[in-house]
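Spelled out, the chains give:
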Amino acid sequence: MSGNKKLSVIANEPINDSKLDNATKIILGLQQELTKYIADGHGPFLAAVYDQNGNLIAKTANSVIAESCSNNHAEMNAIKLAEKKLGTYDLSPYNLSLYITSEPCMMCLGAIMWSGIKAIYYGVPSERVTKITGFDEGFKPNWMDEFKKRGITVYGHIATDAGEKVLQDYVKHGHTVYNPKR
Ligand SMILES: [Zn+2]
């Protein structure tokens, strides 16, 4: 892992090389898979829940358009599926991590806080998502500090080039940016 890559990552806890290598591998894989989900009519975001031994618990894409539900962001779907699979509303005993192709929006931050997820890793930062696509990611003051207070570790801006390319292609191919009218 090059020093530059590590420098570009933002976090509310120190990250070591093996953790970052693992997260980079997972997020690059998600970005690659995401292009297939988009071709199937999903929104341009993918999320996966893993346990501490690297077992995949849930992986879901954004299904806002496919299921006519504004709540169906990738993270919301992944948390719902993980809780259903494990039969609990509180994931905290399972020490789970959520990997996401882009930074969570304000709704998903709330859902993560309520879920008991212990760590999140994400690709493209919200300001870039908004700039590239036009999706309104919401206002999120001091959210990384607030997560730290609640015992949720955050690592962001992982493999951003690959993620930005997927978002750029989503727009280039004329896919829907589904903000409500204002
Ligand atoms: Zn969201």
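Scroll up to find the structure.
Okay, so let's go over this structure. (Residues numbered from 1 in each chain as written. Predicted model: local features only at pLDDT ≥ 70, side-chain atom pairs only at ≥ 80, totals over all residues.)

### Describing unusual backbone geometry
Next, step 1: Notably, N95 is not glycine yet its phi reads approximately 50 degrees, a positive angle.
Next, step 2: Here N95 lies in the loop between α3 (74-86) and β4 (97-102).
Next, step 3: On the basis of neighbour counts, which here come to 13 C-beta atoms within 10 Å, the residue N95 falls in the partly exposed class.
Next, step 4: The backbone phi angle of N142 is positive, close to 50 degrees, even though this residue is not glycine. (Helix = DSSP H or I, 4+ residues; strand = E, 2+ residues; numbered from the N terminus. Buried ≥ 20, exposed ≤ 12 C-beta atoms within 10 Å, placed from the backbone.)

### A closer look at the sheet that holds strand β6 (residues 153-156)
Next, step 1: Strand order in the open sheet formed by six strands is β1-β6-β5-β4-β2-β3, with mixed pairing between adjacent strands. In this open sheet, the two strands that pair with only one neighbour each are β1 (10-11) and β3 (56-61).
Next, step 2: Summarising the sheet, strand β5 (residues 119-124) and β6 pair through three bridges and their orientation is parallel. Counted as the bridge partner of I120 is V154 from β6.
Next, step 3: Where α3 meets the sheet, its contacts fall on β2 (46-50), β3 and β4, and the angle it forms with β3 comes to roughly 145 degrees. (Pairing = 2+ DSSP bridges. Contact = placed C-beta atoms within 7 Å. Axes fitted to C-alpha atoms, helices over the stretch in contact; angles between N-to-C directions.)

### Overview of the packing of helix α5 (residues 126-133) against helix α7 (residues 160-172)
Next, step 1: Where α5 contacts α7, the axes come no closer than 9 Å and their chain directions differ by 25 degrees. With respect to each other, α5 and α7 are oriented roughly parallel. α5 and α7 meet at a crossing whose hand is right-handed. The segment α5 lies against α7, with R128, V129, I132 and T133 engaging E164, L167, Q168, Y170 and V171. (Parallel < 35°, antiparallel > 145°, perpendicular 65-115°, else oblique. Left-handed = near helix turned anticlockwise from the far one by under 90°.)

### Quick look at the pairing of β6
The two faces of a sheet get side chains in turn, since along a regular strand they alternate between them.
Next, step 1: Across two bridges, the pairing between β1 and β6 is antiparallel. In the sheet register, A11 faces β6, and the bridge partner there is Y155.

### Examining the nonpolar core
Next, step 1: Core analysis: the largest hydrophobic core is formed by 47 residues, its most contacted members being A47, A78, L98, Y99, I120 and Y121.
Next, step 2: By residue number, the principal contributor to this core is helix α2 (residues 17-39), which donates six residues.
Next, step 3: When neighbours within four sequence positions are excluded, L98 is seen to be in contact with A47, V49, E75, A78, I112, I117 and I120. (Core = buried A, V, L, I, M, F, W, Y, C linked by C-beta atoms within 7 Å.)

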